[in-house]
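Structural overview for review
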Amino acid sequence: MRILLIISFLCSVHFSHAQDRDLVREMTDNDFQIRQIPGSEQRLKELLQEVDTESDTIYAAMYSPTICLRCEAYIPNFHNNLKSIDSKKTTLLITVYKDKATAERYNKNNGHIADHYIYDTGFKYKGIFSFNMHDLQGTYILKLKRSTGEMLTGGDPTEISPNFAKQIIAYQGKLECKTFDIETDAATHKLVTTATSKSRKARLKFKEYPIDTDDQPISSIYGLPAFENDNLLFNDNLENGILHYKLDNNRFASPEIIKPDSIEKRAFIEIPEENYRHLKNTRQVFYIPLSPAILDSERIGISYSLPHIFLDSINIPGQKNYSYINSPAILIRNAQTGEKEKIFAPDFELFTDSFFYKHFTFCKFKDYILYPCQEQTWPLQYSREEYENDFSKNPFDARYYDSQKPYFAAFSLKDGKMKHRFGNLEPCNKKSFTGYYYNSPVACATDEDLFYTDGYSGYIYVTKDIYGEPYKKYTAFEIDTGNFPEPDTTLFHSYDILKIYNMTFRKTVESMKTDGKYIYCLIKYSDPDMDNSLAECDHSVIKINRKTGKATETYIPRYPDMEALAYGLRNNNGAISPFAIYRKKDDTCYVRVFK
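Cut-offs used in this document
- Residues numbered from 1 in each chain as written.
- Predicted model: local features only at pLDDT ≥ 70, side-chain atom pairs only at ≥ 80, totals over all residues.
- Heavy atoms only, no water.
- Helix = DSSP H or I, 4+ residues; strand = E, 2+ residues; numbered from the N terminus.
- Rg over C-alpha atoms; globule rule 2.2 N^0.38 Å.
- Buried < 20%, exposed > 50% of the residue type's maximum accessible area, 1.4 Å probe, protein only.
- Contact = heavy atoms within 4.5 Å.
- Areas by Shrake-Rupley, 256 points an atom, 1.4 Å probe, with all protein chains shown as cover.
- Lys, Arg positive; Asp, Glu negative; His and termini not counted.
- Charge placed at Lys NZ, Arg CZ, Asp CG, Glu CD.
- Disulfide = S-S within 2.5 Å.
- Salt bridge = Lys/Arg side-chain N within 4 Å of Asp/Glu carboxyl O.
- Polar contact = N/O pair within 3.5 Å; in protein donor to acceptor, adjacent residues only side chain to side chain.
- Pairing = 2+ DSSP bridges.
- Axes fitted to C-alpha atoms, helices over the stretch in contact; angles between N-to-C directions.
- Arc of directions from axis to C-beta.
- pLDDT = per-residue confidence, 0-100.
- Patch = residues over 30% accessible without salt bridge, like charges linked within 9 Å, V, L, I, M, F, W, Y side chains within 5 Å.
- Parallel < 35°, antiparallel > 145°, perpendicular 65-115°, else oblique.
- Left-handed = near helix turned anticlockwise from the far one by under 90°.
- Nonpolar A, V, L, I, M, F, W, Y, C, P; charged D, E, K, R; others polar.

**Digging into the overall build of the protein**
Helix and strand counts for the protein stand at 10 helices and 34 strands. For 595 residues, the compact-globule estimate of 2.2 N^0.38 gives 25 Å, and the C-alpha radius of gyration of the protein, at 25 Å, lies within 12% of that figure. Its C-alpha atoms give the protein principal-axis dimensions of roughly 75 × 60 × 50 Å. Going through the 595 residues of the protein one by one, you find that 55% of them count as buried. Counted over contacts in the protein with a minimum sequence separation of 6, partners at least 24 positions apart contribute 63%. Accessible surface computed for the protein: about 26,700 Å², of which carbon and sulfur atoms make up 46%. Across the protein, the centroid of the 75 positively charged side chains sits 4 Å from that of the 81 negatively charged ones.

**Considering the state of the cysteines**
What the rule picks out here adds up to 1 disulfide. Cys373 takes part in no disulfide bond, and the closest cysteine sulfur, belonging to Cys363, lies 14 Å away. The class of Cys373 is buried, set by a relative accessible area of 0%. Note on Cys537: no disulfide assigned, nearest cysteine sulfur contributed by Cys521 at a separation of 18 Å.

**Details of the side chain of Arg35**
By the element assignment, Arg35 lies in strand S3 (residues 34–36). As a buried residue without a salt bridge, Arg35 has its nearest oppositely charged side chain in Asp29, at a separation of 4.4 Å. At 3.4 Å, the side chain of Arg35 forms a polar contact with the backbone oxygen of Thr28. Excluding its chain neighbours within four sequence positions, the residues that come into contact with Arg35 are Thr28, Asp29, Ile128, Phe129, Ser130, Met151, Leu175, Glu176, Lys178 and Phe180.

**Notes on the sheet that holds strand S27 (residues 472–475)**
The 4 strands are arranged S24-S25-S26-S27 in an open sheet whose pairing can be described as antiparallel. Of all the strands in the sheet, the pair left with one neighbour each is strand S24 (442–445) and S27. Across the sheet, the mean angle separating the axes of adjacent strands is 20° when strand polarity is ignored. Relative to strand S26 (residues 459–463), strand S25 (residues 450–453) is paired through 3 bridges, and the arrangement is antiparallel. For Tyr452, the partnering residue across the bridge sits in S26 and is Tyr461.

**Quick notes on helix H2 (residues 41–48)**
Looking at H2, one finds that the buried residues are Leu44, Leu47 and Leu48. On an axial view of H2, the arc spanned by its buried residues comes to 95°, and they lie on one face. In this fold, the buried residues of H2 make contact with S3, strand S5 (90–96), strand S6 (116–120), strand S7 (129–131), strand S8 (140–145) and strand S9 (150–155).

**Remarks on the pattern of salt bridges**
Within the structure shown, the criterion is met by 30 salt bridges. Between Glu26 and Arg21 there is a salt bridge, and its shortest N-O distance comes to 2.7 Å. In this structure Glu26 comes out as partly exposed when scored by relative accessible area, which is 25%. Here Arg21 falls in the partly exposed class, since its relative accessible area comes to 31%. Across the pair Glu273 and Arg277 runs a salt bridge, and its minimum N-O distance is 3.8 Å.

**Quick look at helix H5 (residues 162–170)**
The buried count for H5 comes to 7 of 9 residues, which makes it a mostly enclosed element. Taken together, the buried positions of H5 are occupied by Pro162, Asn163, Phe164, Ala165, Gln167, Ile168 and Ile169.

**Details of the pairing of strand S31 (residues 551–555)**
The side chains of a regular strand alternate between the sheet's two faces. Direction of pairing for strand S30 (residues 538–545) relative to S31: antiparallel, over a ladder of 5 bridges. Bridge assignment links Lys543 to a residue of S31, and that residue is Thr552. Between S30 and S31, which follow one another and run antiparallel, lie 5 residues, and Gly549 among them has a positive phi close to 80°.

**So, the confidence of the model for the protein**
In this model, the protein carries an average pLDDT of 90, and 91% of its residues clear a pLDDT of 70 or more. pLDDT under 50 marks residues 1–18. Its contacts with residues more than four places away, or in other chains, come to 68 contacts. In this model, residues 183–194 is a region of pLDDT below 50 whose contacts with residues beyond four sequence positions or in other chains number 15 contacts.

**Quick look at the pairing of S24**
Of the pairings in the sheet, the one linking S24 to S25 comprises 4 bridges and is antiparallel in character. Within S25, the position partnered with Ala443 by the bridge is Tyr452.

**Some remarks on the sheet that holds strand S28 (residues 507–514)**
Ordered in space as S28-S29-S30-S31, the 4 strands form an open sheet in which the pairing is antiparallel. Strands at the two margins of the open sheet, each flanked by one partner only, are S28 and S31. When the angles between neighbouring strand axes are averaged without regard to direction, this sheet yields 25°. Where S28 lies against strand S29 (residues 518–525), 7 bridges are found, and the strand directions are antiparallel. When the sheet's bridge partners are listed, Val509 is paired in S29 with Ile523.

**Description of the side chain of Thr213**
Checked against the element boundaries, Thr213 lands in the loop between strand S10 (206–211) and strand S11 (221–228). In this structure Thr213 comes out as buried when scored by relative accessible area, which is 16%. Contacts of Thr213, omitting those with residues within four sequence positions, involve Ile218, Asp587 and Cys589.

**Here we look at a negative patch on the surface**
Taken together, the side chains of Asp99, Glu104, Asp586 and Asp587 present a region of like negative charge at the surface. Here Asp99 shows up in the loop between S5 and helix H4 (100–109). Overall, Asp99 belongs to the partly exposed group, its relative accessible area being 32%.

**Describing the packing of helix H3 (residues 74–85) against H5**
Packing of H3 against H5 leaves a shortest axis separation of 8 Å and a crossing angle of 70°. Here H3 lies roughly perpendicular to H5, going by the angle between them. Of the two elements, H3 crosses H5, and the hand of that crossing is right-handed. Judged by residue contacts, Phe78, Asn81, Leu82 and Ile85 of H3 engage Pro162, Phe164, Ala165, Lys166, Ile168 and Ile169 from H5. Residues that form the contact of H3 with H5 fall into these classes: 8 nonpolar, 1 polar and 1 charged.

Below you can see the structure in the form of structure tokens.
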């Protein structure tokens, strides 16, 4: 599980030090694999017709912007390393994105260089390549032959270096064509379609607010937006920052873009300034925005991954070796003035703690920052041998669930220390033997009460004290474990077991708020085993009466003439309303707040 980016400072920057390994084979056998679909040679030839070169062999990088920011470092470094070995070799960057102009601007701003560029706005790659992780997940390096339309080799490299460049140039083989067998159970899609029919028929009144996009276009939105009173915040994928809009005269004008300042960028840098600048200049340092949240009436919090670069213990004579990991942090800004406050950095060890803290989202409750957490075992990428013989770590052993399996961790705002973990996996997790896979915790808080849920079971708990038992339990929806299919033990220790249960765990709580009398849950319908776009997912709001426990569900409309960019819950001076951000066919964007 220990994944570090090792950087050596010699004549150039490398990602590793291997000289004897078969780096091409490592690439093709890595966790993220790609193969050419059998019979797709003509489609690849047609795609490569856009490349104006006499070279028959093309060395390509293929990616979709912001899917994996760290992986994007491969792009300029692969080009530079290849050219250092043979300047006549032809490089190509295939960018998969729906809008060419936006993708071109992103490539230029981020220094993604190549001899030639293809912008796959129609997603033609889906008819040419097959992926073992369902779809394109990182940055893939490909060796292509134009005349025959063949992918000679390709994959997710374990390192980018002159040695890798030499090996891929020298490679003379041909990787077999293959379609990965990852089809999803058709029954799952039937259930999603059932929700879709309700959502498409839904009719709700709304108030619409235009968003000014002339100076700041919106590409796509990562995660959930935050909308409280007149402050709207969301993570724009290609801006690599948080856009902060303020509602004024019934419209959202040009936003402030929240990014770390120079001091915050260096919060976890432990190497000399000269080497740090070198890494930045070679596009190997990333500041990754995650999600915004309203901390209180005056402050905004932004979850960020900031670079932590430090001296590595690897000892290679004549080299200084540094390791690079992402460290979690919360940037804090005044909601009205934008003034910076002290950064919050949770104090935990990423690789030695028994729990993984999912700092992508967070909730403030009293003197704590709450992060979702999960135990360091399957379904995280552990080999079977690492947990199988220890029932306390083995989710495929019924005894695993006999002890508490918490899913929230509380970190002190005063010193950043982890103080307590709470919550527990539900009976549906035990009955399906799926551990933390169907677990996506959500929380919201008032001054006195904390409301939290695992996200999938439909249960919501209320407590005044994270150290005590919840004093109330509500049910937004229920999962009938009595009708669960029997577990198939032949599928244990693999992700194939999920196919049995995806049709059951299709409903999740995405966001939650309360006005005191009611609890409001934003619900998403999807297939947990697929990368569902918002176009494939439906949303509703479940409103729970805190006095009676009665839950009522209202579907949020879907509009065939607009693209949904994000859904959320707005708190407007205590009044809770669902909202959505839409883009119309003329590229204008609007916020609709539903009544």
